[in-house]
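Examining the three-dimensional arrangement
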Amino acid sequence: MPRLNAGQRHTIQFELNGKSVSGETEPRLLLSDFLRGVLGSTGSHVGCEHGVCGACTVRVNGCAVRSCLTLAIQINGEKVETVEGLAGNDTLSPLQRAFRRHHALQCGFCTPGILMSLSELLDTGTDVNEKNIREFLSGHLCRCTGYGNIVRAALEVFAENRSGRAVSDD
Amino acid sequence: MKPPVFDYAFADHLDEVAEFLADEGGEARVLAGGQSLIAMLNMRLVQPTLVVDISRLPDHDFITLKEGVVEIGCTVTQSALQFWPGLAESLPLLKRALPWVGHRQTRNKGTVCGSIAHADPSAELPLCLAALNGKAVLYSSRGERVLAAHELQVGTLETACAPDEMIRALRFPTAETGAGYGFGEVAYRHGDFAIVAVAVVATSECLRIALGGVGEKPEVCEWPLLEDKFLDDALNDLAWKLGTNEDQHATAYYRRSLIRSLGRRVVGEALACLG
Ligand SMILES: Cc1cc2nc3c(=O)[nH]c(=O)nc-3n(C[C@@H](O)[C@H](O)[C@H](O)COP(=O)(O)OP(=O)(O)OC[C@H]3O[C@@H](n4cnc5c(N)ncnc54)[C@H](O)[C@@H]3O)c2cc1C
Ligand code: FES
Ligand code: FES
């Protein structure tokens, strides 16, 4: 591949929440800033910009990763999922509904990242339990909830998935 | 907290990487998982003129087991190794250590070779490489050379890998039959870098104990299999010899007490699995 010059913009194209998107980026632009600044997709939040807080977590090819530790240019041709892709047609996803039932968010700053991490766990984990939920959550900082309600919400969704019966929102 | 400007190239072939590194005269950086490099760029701790992305380098996403050695290519992520089906049997020490390396979200991108190249003194994977006396395969336009852990690891964030070289793969010797392995660490938060990390290999003849977080690089020492009553003294001597560094995370006193208590527990864990 040729060398891409620092000061120049280069076109990238990738799949964002199932739709093909494209835009221009300098090599140094972070994926988090590309999503928010170039595409206006502000669901993913930016807290620390060095990988610690987890607010910017998105899924790339199914894996939860930090968008602040990924260059936008690396995403060319890949599949990205963000919190905006969770809800379909005005209906929240089961995980989002469980977060609401259990008060698993207060200010909501950390929530988009946590939802993306837990969605990886729920999609890939055959045995989801409090221990591995807490392991996934160790990659996120939440300054409001104390994590207990987040764990309860995730456990409930996993039980729903296993039994095939949705819990009522009332 | 935004990266400085740099040129970017993503390599399709090992020789392309080697060429970029050689031509840039030490000002280029290899980008693997980016979990340390991009953080350092964001903080402007490094300002390379060129970043050579090897994360999608073809043919290097391999974990192979051959003649008592597990070889791991430079694009293999920490998560991929953690879920490699042969891990528990072939590399029981890494099986124990990998859950401590950052978080799932950083292991999904961070590579095994990248962690060795980054050489953080409290990182778990360099500690395991030292404890098992593994090797790194270095590649450059000058050719290939293989360095043992103690030759590779020279200091804090420093290895013997020259600016025009990259780590192409790592070689870990597989578990010895009947040997016992233990790993433990203390950090402020699960997934943070260790204040002290301990890796132990116990065989019928000796105990090999490796400490991370106490010096500029992993420290390894080997003892004959000690009677239980001598173990505390040996760990105490080790604590006074190595537990001298003091920083914002911990006092030297605290590090010494961790070497004694955590060391004791991890040696116990390794001895318990001794077959
Ligand atoms: C929140 C957080 C917590 C973390 N916690 C831990 C922890 O507890 N323990 C731990 O060990 N690590 C931890 N890390 C760091 C770990 O995730 C990194 O994966 C690892 O240090 C570097 O691997 P990488 O593939 O991401 O390398 P990169 O970040 O891409 O590169 C790191 C350095 O190594 C060089 N490099 C990379 N690959 C090669 C190669 N093949 N040949 C030559 N040079 C190369 C780069 O040029 C760069 O200088 C943490 C990171 C974050 C963000
Ligand atoms: S903003 Fe990416 S982890 Fe904090
Ligand atoms: S809900 Fe406020 S930080 Fe988590």
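Residues numbered from 1 in each chain as written. Chains lettered and ligands numbered in written order. Predicted model: local features only at pLDDT ≥ 70, side-chain atom pairs only at ≥ 80, totals over all residues. Heavy atoms only, no water.

Glancing now at the pattern of salt bridges. Taken as a whole and judged by the stated rule, the model has 22 salt bridges over all chains. For Glu130(A), the salt bridge goes to Arg134(A), with nearest N and O atoms at 2.8 Å. With Glu130(A) and Arg134(A) both in helix α4 (residues 130-137), this residue pair falls four residues apart, about one helical turn. Taking the relative accessible area as the measure of exposure, Glu130(A) reaches 39% and is therefore partly exposed. Taking the shortest distance from any N to any O, the salt bridge between Asp192(B) and Arg189(B) comes out at 3.5 Å. (Salt bridge = Lys/Arg side-chain N within 4 Å of Asp/Glu carboxyl O. Helix = DSSP H or I, 4+ residues; strand = E, 2+ residues; numbered from the N terminus. Buried < 20%, exposed > 50% of the residue type's maximum accessible area, 1.4 Å probe, protein only.)

To continue, consider the interface of chain B and chain A. With 35 residues of chain B in contact, the opposing surface of chain A contributes 35 residues. Each partner contributes to the roughly 3100 Å² buried at the junction of chain B and chain A, and carbon and sulfur atoms together form 50% of this total. One salt bridge connects Glu24(B) with Arg3(A), and the closest N-O pair in it is separated by 2.9 Å. Across the chain B-chain A interface, the total number found is 22 residue pairs in polar contact (both at pLDDT 80 or more). Elements that contribute at least two residues to the side of chain B that touches chain A include exactly β1 (7-10), α1 (14-23), α2 (37-42), β3 (50-53) and α6 (104-107) of chain B. (Contact = heavy atoms within 4.5 Å. Buried area = accessible area lost by both parts, 1.4 Å probe. Polar contact = N/O pair within 3.5 Å; in protein donor to acceptor, adjacent residues only side chain to side chain.)

What follows covers the domain arrangement of chain B. Frequently, the measure chosen for interface size is the accessible area that the parts lose on association. Partitioning chain B into domains gives domain 1 (7-53), domain 2 (63-173) and domain 3 (182-272). Taking the mean C-alpha position of each, domain 1 of chain B and domain 3 of chain B sit 35 Å from one another. (Domains from an automatic or database assignment.)

So, about the site of ligand 1. With respect to spatial proximity, 34 residues lie near ligand 1, and among them Arg29(B), Val30(B), Leu37(B), Thr111(B) and Glu124(B) are the closest. More than one chain approaches ligand 1, the contributing ones being chains A and B. The backbone of Ala32(B) places a nitrogen or oxygen atom 2.8 Å from an oxygen atom of ligand 1. One nitrogen or oxygen atom from the main chain of Gly191(B) is found 3.0 Å from a nitrogen atom belonging to ligand 1. Computed on the free molecule, ligand 1 has an accessible area of 970 Å², of which 95% lies beneath the protein chains in the complex. The set of elements that each furnish at least two residues to the shell around ligand 1 consists of β2 (28-31), α7 (112-118) and β10 (166-173) of chain B. (Near = heavy atom within 4 Å. Areas by Shrake-Rupley, 256 points an atom, 1.4 Å probe, with all protein chains shown as cover.)

Residues and elements named next belong to chain A. Running from N to C, helix α3 (residues 111-124) and α4 cross one another at 140°; their axes reach a closest spacing of 10 Å. With respect to each other, α3 and α4 are oriented oblique. In the crossing of α3 with α4, the sense of the turn from one axis to the other is right-handed. Residue-level inspection shows Ile114, Ser117, Leu118, Glu120 and Leu121 of α3 in contact with α4, the latter providing Asn132, Ile133, Phe136 and Leu137. A breakdown of the residues in the contact of α3 with α4 according to their chemical character gives six nonpolar, two polar and one charged. (Axes fitted to C-alpha atoms, helices over the stretch in contact; angles between N-to-C directions. Parallel < 35°, antiparallel > 145°, perpendicular 65-115°, else oblique. Left-handed = near helix turned anticlockwise from the far one by under 90°. Nonpolar A, V, L, I, M, F, W, Y, C, P; charged D, E, K, R; others polar.)

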